[in-house]
Amino acid sequence: MSDPSVFPPTAPPARPVASGLYLVATPIGNLRDMTLRALDVLAAADLVLAEDTRVTAKLLSAYGLKVKLERCDDHASARAAEVALEHLRDGAVVALVSDAGTPMVSDPGFVVARAVIEAGLPVHPIPGPSSMLAALCIAGLPADRILFAGFLPPKSGARRTALEELRTGRQTLVFFESGPRLADSLADMAAVLGPRPAAVARELTKLYEECVRGSLPDLATDPRCQAPKGEIVIVVAPGEQEVASADDADAALTEALTRLPPGEAAAEVSRALNLPRKPLYKRALELQGR
């Protein structure tokens, strides 16, 4: 068996890196998850925009790269966009990285990318590590339809309001969360979303990688979910389809009939409640006394 620590000598050769903005995914923990193409782009970059220049400087140093860095966090993204445009108009190669993972996912680099796109200049993705996709892979939950909701509000009231907006969706939900707020967030999810299956993935690709699976109520009280350290991704299974009652249908039809003729009212309620149209049309006529 070959030594896995030695990279195969038959790797495809690097291609020239043309001028443009490159959105470069970086490791979320394990430095060996850096792609060859990402290294090619960073080596060729005239400028690297970084969420935290100190974090990115350490990353570049690990690969023996020295590149000009410019800060691009929530407070400096507008200035970073101006700098990027200046360089790109001069034919430069500009790379944008977040502290870890894929840029543009809950990331201030969006301001830069949007400015470059609006200016008609090229933007290229350099795919690679993503904590969202990594968590989905190991959660053991459906991943054919997902909704990424990012970070929920820090206070319980606002958090429950945000969760209520997601309650009726039929997609697997993905959230980012911090350790100190994890248990409270899970408790609010259990209260609003019910006892859905879920997974809490922590420290992905790192030494203490962990994935805790269970129902939302169980996870909210699990000792492993009480203020753990590290970056956290929560994956929640879709809710079950709710069947509207006859009273629900009558209420919806009664309201719709104040605005629409019976046929259109039945069609609207059919779409809203996922019920067959013909019985609704018949009921709409009955409600009108026909």
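Residues numbered from 1 in each chain as written. Predicted model: local features only at pLDDT ≥ 70, side-chain atom pairs only at ≥ 80, totals over all residues. Heavy atoms only, no water.

Asker: Please provide a residue-by-residue account of the overall build of the protein, values included.
Answerer: Along the protein, the regular secondary structure elements total eleven helices and ten strands. The C-alpha radius of gyration computed for the protein amounts to 25 Å, which surpasses the reference 19 Å derived for 290 residues by more than 25%, pointing to a less compact arrangement than a globule. In terms of overall dimensions, the protein has C-alpha extents of about 80 × 50 × 45 Å along its principal axes. Taking the contacts inside the protein whose residues are at least 6 apart along the sequence as the reference set, 68% of them involve residues at least 24 apart. Computing the positive centroid from 31 side-chain charges and the negative centroid from 36, the protein places the two 2 Å apart. (Helix = DSSP H or I, 4+ residues; strand = E, 2+ residues; numbered from the N terminus. Rg over C-alpha atoms; globule rule 2.2 N^0.38 Å. Contact = heavy atoms within 4.5 Å. Lys, Arg positive; Asp, Glu negative; His and termini not counted. Charge placed at Lys NZ, Arg CZ, Asp CG, Glu CD.)

Asker: How would you summarise the pattern of salt bridges if you had to cite specific residues and measurements?
Answerer: Scanning the entire structure with this criterion turns up 14 salt bridges. The shortest N-O distance in the salt bridge between R259 and E255 comes to 2.9 Å. With a relative accessible area of 41%, E255 lands in the partly exposed category. Between R259 and E268 there is a salt bridge, with its nearest N and O atoms 2.6 Å apart. On the basis of relative accessibility, which here comes to 44%, the residue R259 falls in the partly exposed class. In this structure E268 comes out as partly exposed when scored by relative accessible area, which is 26%. It is possible to trace a salt-bridge network through shared partners that takes in R159, R160 and D188. (Salt bridge = Lys/Arg side-chain N within 4 Å of Asp/Glu carboxyl O. Buried < 20%, exposed > 50% of the residue type's maximum accessible area, 1.4 Å probe, protein only.)

Asker: Outline the environment of E240, listing residues and values.
Answerer: Assignment of secondary structure puts E240 in the loop between β10 (232-236) and α9 (246-256). For the pair E240 and I146, spaced 94 residues apart in sequence, the C-alpha separation works out to 15 Å.

Asker: Give a description of the pairing of strand β8 (residues 197-202) that names residues and reports values.
Answerer: Here β8 lies mainly inside the structure; five of its six residues are buried. Sheet topology places β8 next to strand β9 (residues 210-215); six bridges connect them, and they run antiparallel. Looking at β9, one finds that V200 is bridged to V212. Judged from the five bridges that link them, β8 and β10 form a sheet pairing that is antiparallel. Looking at β10, one finds that V200 is bridged to I234. (Pairing = 2+ DSSP bridges.)

Asker: Tell me about the sheet that holds strand β3 (residues 69-71), and please be specific about residues and values.
Answerer: What the five strands build is an open sheet, ordered β3-β2-β4-β1-β5; its pairing is parallel. Looking along the sheet, the strands with just one partner apiece sit at the ends: β3 and β5 (123-126). Across the sheet, the mean angle from the axis of one strand to that of its neighbour is 25°, orientation sign disregarded. Across three bridges, the pairing between strand β2 (residues 47-50) and β3 is parallel. Bridging across to β3, A50 finds its partner in R71. Of the strands in this sheet, β1 (20-24), β2, β3 and β4 (93-97) touch helix α3 (residues 77-89), which is tilted by about 165° from β2. (Axes fitted to C-alpha atoms, helices over the stretch in contact; angles between N-to-C directions.)

Asker: Provide a residue-level description of the packing of aromatic side chains, including the pertinent values.
Answerer: Given two aromatic rings, their pairing is described by the distance between the two centres and the angle made by the two planes. Summed over the entire model, instances satisfying the criterion amount to two aromatic pairs. Judged by centre distance (5.0 Å) and plane angle (65°), the rings of F148 and F176 are edge-to-face. Separated by 28 residues along the polypeptide, F148 in strand β6 (residues 146-151) and F176 in strand β7 (residues 172-177) bring together distant segments of the chain. Taken together, the aromatic side chains of F148, F151 and F176 make up a single cluster linked through ring pairs. Positioned over the ring face of Y281 is R277, at 5.6 Å from the centre of the ring. (Phe/Tyr/Trp six-rings, centres within 6.5 Å; stacked < 30°, edge-to-face > 60°. Lys NZ or Arg CZ within 6 Å of the ring centre and 35° of its normal.)

Asker: Please give an account of the sheet that holds β10 that cites residues and values.
Answerer: Here we have five strands laid out as an open sheet, ordered β6-β7-β10-β8-β9, and mixed in their pairing. Of all strands in the sheet, those with a lone pairing partner are β6 and β9, marking the two edges. Across the sheet, the mean angle separating the axes of adjacent strands is 15° when strand polarity is ignored. Pairing analysis gives five bridges linking β7 to β10, with the strands arranged antiparallel. Note that in β10 the partner of F175 across the bridge is I234. Contacting β7, β8 and β10, helix α7 (residues 182-193) crosses the sheet at an angle of about 10° to β10.

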